[in-house]
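Residue-level listing of the chains:
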Amino acid sequence: MRIVLVTLLVGLLVATGQGYQVKPRNYNQTIQQLQKDYVRVEEEFRREFQIWKQTGVKTPHFKEMLEAWKFTEDQRRKELEDLPIQMEGTLCVLCRSVVGQLMDQRREGASRADLFATAYELCTTLQIQEPDVCHGVIELNIDFFLYIFDSRPTVGADTVCAVVFQSSACTLTDPEFINWSVNVNPRSTPITGSKHFPNARGPNDIKVIHITDLHYDPLYLVGHNAVCNRPACCRSDQGIPDNVLERAGKWGDYRDCDSPWDAVDDVIDHVATNHPDAAYIYHTGDIIDHGVWETSIPHNVQSMNRVYNKLIEKFPNKPVFNIIGNHEAHPTNVFAPSTVTQQQFSMEWLYSYSADMWSNWLPQATQSTIRHGGYYTMLVRPGFRIVGLNNQDCYTFNWWILWKPDYLANQMQWLHDVLLQAEQNNEKVHILAHIPYSSSGSTFRICQREFRRIVERFYDTISGQFNGHTHRDEFNVFYSRENPAHAINVAWNGGSTTAFSNINPNYIVYYVDPATYQVTDFESYIFNLTDANRFPDRRPEWFQLYSFAKEFNMHNLSPREADTMVKRLGTPAGRNELRRYWEFKVKLGDPSLEAGCDDDCLLNHLCQVVVSEMGDDVKCDELRATFFG
């Protein structure tokens, strides 16, 4: 979620996921004006940049431009979803100006060292991150960019920034990035209503535990600095602050800190001890910490080993369905296509490692696709199939999208074909994916479009979707593209066991109908981090935060019931319920509750539930029309 430089000033990396913001009523006119201003600002920057490179001197005007674009400490620490939507234009023109000049430098023969020096100076001057973070992130990512841009000289800065930001201010127009698609088998019958099923939660429901975003940091050290102005704090090399209120707690910290081992150990122990009747464990990725400027393959493997071995110890005879998170890669987020075989870029190390570790729970038949691309499918029992995706290839901060965008169709076509076979075999399917395909996940918009087409085609085969990444206890309703009145699927998010940032740790218990494999209800379990750290010598006191169906008066959690609930929350009469939903979403995190969420904020969170494809604001517009009465 925190803004950091991850490559040659190409853009701002969000570490967990950006949310949806309702557009102001004059938004389209503002964007049109911005598009005209871009040309002038980019030309000014180009001229001033060239003077700097030729003379080594920044003119007063260039200094003014850089000063105006500097990030404040508050902006640097905010989640991207909390930055005002009016900043989209500034971020886009900054990206296009800087990236355009760096690309021009390279095409004019600049060396790696030259580009590194320029990117580093701009990163520190603009205060995008602290100098050590700027240095580390650029060093980890620069070779990927040199390879991609050297082999794709026609890709422009406008395309780069449109992929990374994909806001309306940064418009994607390159047909190569837009015009690929999945070959979807046509439906035999039209969708005539919202999907529903009759059964409520019952005593024979299958119990499924959802754990996600552990974010174990082996460098976490109790008492160390929790206010370090970096993407990850509370680490052993960041010192002990004089102010005791800025010191890391025993069980984690609400600030930009990942999980100490004690917290990871505790949640897995707690789940194993208190839910022995669970049939399955869904573990949807992000084991690795947020130290994005200093990752390495040995570091990542060491952390994953410790977590997987703990899962093996506690669930030796219970199926654990794991998937990869964006932080498991080195560098973070960067997932090269299988056709890229150069050793320094290849993902073979991660996919082979995952195949080996997951073989403790998965059959031999899953090995080939895991080793090829980190994804798999398994028939769990007659009539019930699980699909584990590696959808990091569609993450907007996976730079390989810029190299060959149509390769993104490969795994999605595989998913389509698996679902088609499942349909023919009368199987129901749960899809596990780390990053939500909806508006809250920074998924490349064309992937959103194609995934939505797949969901629409197989809405009756897909009985549930389960995501992580955002750290929030939330959900997303998918509506028919052909008729948005019909709710056809729901994606559930497991939240996070890390408190990063401003939230309490949690895990989810789903109740699944044994006939339809639909989710009938779920319970979220949390502990209060403030209370836990107040008593460091005892284990945290976990408790059930709520039952979703009971709290929101739902018969079950079908798409139709979810749509009814969302519409109710989108009226003045539903405002208290909506506020309660937001409180649950942030898991009663003390700093989040203290900051609060006004009506505009609540509407943003509600719209995030119903937007599953960027640019399609139909359902949000409907909610906005009823929201204030």
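Predicted model, so just to flag it, every value in this text is computed and none were measured.

## Some thoughts on the overall build of the protein
Part 1 of the argument: A count of helical and extended segments in the protein gives 21 helices and 14 strands.
Part 2 of the argument: For the protein, the C-alpha radius of gyration of 24 Å lies close to 25 Å, the compact-globule estimate for 629 residues.
Part 3 of the argument: Principal-axis analysis of the C-alpha atoms places the extent of the protein at approximately 75 × 60 × 55 Å.
Part 4 of the argument: Burial analysis of the protein (629 residues in total) assigns 64% to the buried set.
Part 5 of the argument: Contacts in the protein between residues far apart in sequence, at least 24 positions, make up 74% of those at least 6 positions apart.

## Section: the pattern of salt bridges
Part 1 of the argument: Under the counting rule described, the total for this entry stands at 42 salt bridges.
Part 2 of the argument: In this structure, E474 and K585 form a salt bridge, with 3.1 Å as the shortest nitrogen-oxygen distance. With E474 in the loop between β9 (462–467) and β10 (475–479) and K585 in helix α18 (residues 575–585), this residue pair connects regions lying 111 residues apart in the sequence. Of the two residues examined, E474 and K585, each falls in the buried class.

## Brief notes about the pairing of β9
Sheet faces and side chains relate simply in a regular strand, where the side chains alternate between the two faces.
Part 1 of the argument: A large share of β9 lies buried, amounting to 6 of its 6 residues.
Part 2 of the argument: Where strand β8 (residues 428–432) meets β9, 4 bridges bridge the pair, whose relative direction is parallel. The residue bridging H430 from the neighbouring strand is G464, located in β9.
Part 3 of the argument: Sheet topology note: the β9/strand β11 (residues 487–493) ladder contains 3 bridges and is parallel.

## A look at the state of the cysteines
Part 1 of the argument: As enumerated under the stated definition, the model contains 8 disulfides in all.
Part 2 of the argument: Each disulfide pairs two cysteine sulfurs, and for C95 the partner residue is C161, the sulfurs being separated by 2.0 Å. Between C95 and C161, the disulfide has an S-S torsion of -90 degrees and is therefore left-handed. In this pair, C95 sits in helix α4 (residues 88–107) while C161 sits in helix α7 (residues 157–165), placing the two residues 66 residues apart along the sequence.
Part 3 of the argument: For C95, a relative accessible area of 2% corresponds to the buried category.
Part 4 of the argument: The class of C161 is buried, set by a relative accessible area of 0%.
Part 5 of the argument: With a sulfur-sulfur separation of 2.1 Å, C394 is cross-linked through a disulfide to C447. Residues C394 and C447 are joined through a disulfide that is left-handed, its torsion about the S-S bond being -75 degrees. Highlighted residues: C394 in the loop between β7 (384–388) and α13 (409–424) and C447 in helix α14 (residues 445–457), separated in sequence by 53 residues. No difference in accessibility class separates C394 from C447, as the two residues are buried.

## A short note on the packing of α18 against helix α20 (residues 599–610)
The description of two helices packed together rests on the angle between their axes and the distance between the axes.
Part 1 of the argument: At a minimum axis distance of 10 Å, the contact between α18 and α20 shows a crossing angle of 75 degrees. Here α18 lies roughly perpendicular to α20, going by the angle between them. For the pair α18 and α20, the contacting residues are R575, L578, R579, Y581, W582 and K585 in the first and D599, L602, H605, L606, Q608 and V609 in the second.
Part 2 of the argument: Split by residue class, the contact of α18 with α20 holds 6 nonpolar, 2 polar and 4 charged.

## Concerning the UniProt feature "domain: Saposin B-type" (unreviewed entry) in the protein
Part 1 of the argument: Mapped onto the present numbering, the UniProt feature "domain: Saposin B-type" (unreviewed entry) falls on residues 88–174.
Part 2 of the argument: Annotated as residues 88–174, this span is 74% helix and 0% strand, and its ends, taken at the C-alpha atoms, are 20 Å apart.

## A short note on the side chain of H434
Part 1 of the argument: Looking at where H434 falls in the secondary structure, it is placed in the loop between β8 and α14.
Part 2 of the argument: A relative accessible area of 0% places H434 in the buried class.
Part 3 of the argument: A polar contact of 2.7 Å, which involves the side chain of H434, links it to the backbone oxygen of T284.

## Observations concerning the packing of helix α9 (residues 261–274) against helix α10 (residues 297–314)
Part 1 of the argument: Remark: α9 packs on α10, axes separated minimally by 10 Å, with the N-to-C direction vectors making an angle of 20 degrees. Considering their axes alone, α9 and α10 lie roughly parallel with respect to each other. Taken as a pair, α9 and α10 cross one another with a handedness that is right-handed. Only R306, V307, K310, L311 and K314 of α10 make contact with α9, whose side of the interface consists of W261, V264, D265, I268, D269 and A272.
Part 2 of the argument: Counted by class, the contact of α9 with α10 contains 6 nonpolar, no polar and 5 charged residues.

## Details of unusual backbone geometry
Part 1 of the argument: Looking along the chain, the bond that leaves H330 and enters P331 is cis, with omega of -5 degrees.
Part 2 of the argument: In this structure, S501 follows F500 across a cis peptide bond, with omega equal to -5 degrees.
Part 3 of the argument: For S501, the location among the structural elements is in the loop between β11 and β12 (506–512).
Part 4 of the argument: The phi dihedral of N333 falls on the positive side, at around 80 degrees, and the residue is not glycine.
Part 5 of the argument: Residue class for N333 comes out buried when judged on its relative accessible area of 2%.

## Let's talk about the sheet that holds strand β5 (residues 320–322)
Part 1 of the argument: The strand order β5-β4-β3-β12-β13-β14 describes an open sheet built from 6 strands, whose pairing is mixed. Both edges of this open sheet fall to β5 and β14 (543–547), since each of them pairs with a single strand only. The mean inter-strand angle of the sheet, taken between neighbouring strand axes irrespective of direction, is 25 degrees.
Part 2 of the argument: Pairing of strand β3 (residues 206–211) with β12 involves 5 bridges; the strand directions are antiparallel.

## A closer look at the confidence of the model for the protein
Part 1 of the argument: Confidence in the prediction of the protein, expressed as mean pLDDT, is 92, and 93% of residues score 70 or more.
Part 2 of the argument: Note that pLDDT drops below 50 for residues 1–18; the model gives that stretch 114 contacts with residues more than four away or on any other chain.

## Points about the nonpolar core
Part 1 of the argument: Counting 193 residues, the largest nonpolar core has F321, W400, F444, F475, W492 and F548 as its most contacted members.
Part 2 of the argument: Listed in part, the 7 residues of the second largest apolar core include Y220, C228, C234 and A248.

## A short note on the sheet that holds β7
Part 1 of the argument: Pairing is mixed in the open sheet, where 6 strands are placed in the order β6-β7-β8-β9-β11-β10. Edge positions in the open sheet fall to β6 (376–381) and β10, since each of these has one partner strand only. Ignoring strand direction, the axes of neighbouring strands in this sheet form an average angle of 20 degrees.

## Observations regarding the environment of I508
Part 1 of the argument: Mapped onto the elements, I508 comes out in strand β12.
Part 2 of the argument: Taking the C-alpha atoms as reference points, I508 and A157, separated by 351 residues in sequence, lie 42 Å from one another.
Part 3 of the argument: Residues within four places of I508 in sequence aside, it is in contact with V208, I209, H210, D473, N493, G494, F522, E523 and S524.

## Description of the packing of aromatic side chains
Part 1 of the argument: As enumerated under the stated definition, the model contains 45 aromatic pairs in all.
Part 2 of the argument: Ring geometry for Y282 versus F321: centroids 6.2 Å apart, planes at 70 degrees, classification edge-to-face. Here the residue Y282 occupies a position in strand β4 (residues 280–283), and F321 occupies one in strand β5, the gap between them amounting to 39 residues. Like F321, Y282 is buried.
Part 3 of the argument: Both rings, one in F527 and one in W542, keep their centres 4.8 Å apart while their planes meet at 85 degrees; by these two values the pair is edge-to-face. With F527 in the loop between β13 (519–526) and α15 (529–534) and W542 in the loop between α15 and β14, this residue pair connects regions lying 15 residues apart in the sequence.

Procedures and definitions
- Residues numbered from 1 in each chain as written.
- Predicted model: local features only at pLDDT ≥ 70, side-chain atom pairs only at ≥ 80, totals over all residues.
- Heavy atoms only, no water.
- Helix = DSSP H or I, 4+ residues; strand = E, 2+ residues; numbered from the N terminus.
- Rg over C-alpha atoms; globule rule 2.2 N^0.38 Å.
- Buried < 20%, exposed > 50% of the residue type's maximum accessible area, 1.4 Å probe, protein only.
- Contact = heavy atoms within 4.5 Å.
- Salt bridge = Lys/Arg side-chain N within 4 Å of Asp/Glu carboxyl O.
- Pairing = 2+ DSSP bridges.
- Disulfide = S-S within 2.5 Å.
- Axes fitted to C-alpha atoms, helices over the stretch in contact; angles between N-to-C directions.
- Parallel < 35°, antiparallel > 145°, perpendicular 65-115°, else oblique.
- Nonpolar A, V, L, I, M, F, W, Y, C, P; charged D, E, K, R; others polar.
- UniProt positions renumbered as here; feature names shortened; annotations may be inferred.
- Polar contact = N/O pair within 3.5 Å; in protein donor to acceptor, adjacent residues only side chain to side chain.
- Left-handed = near helix turned anticlockwise from the far one by under 90°.
- pLDDT = per-residue confidence, 0-100.
- Core = buried A, V, L, I, M, F, W, Y, C linked by side-chain atoms within 4.5 Å.
- Phe/Tyr/Trp six-rings, centres within 6.5 Å; stacked < 30°, edge-to-face > 60°.

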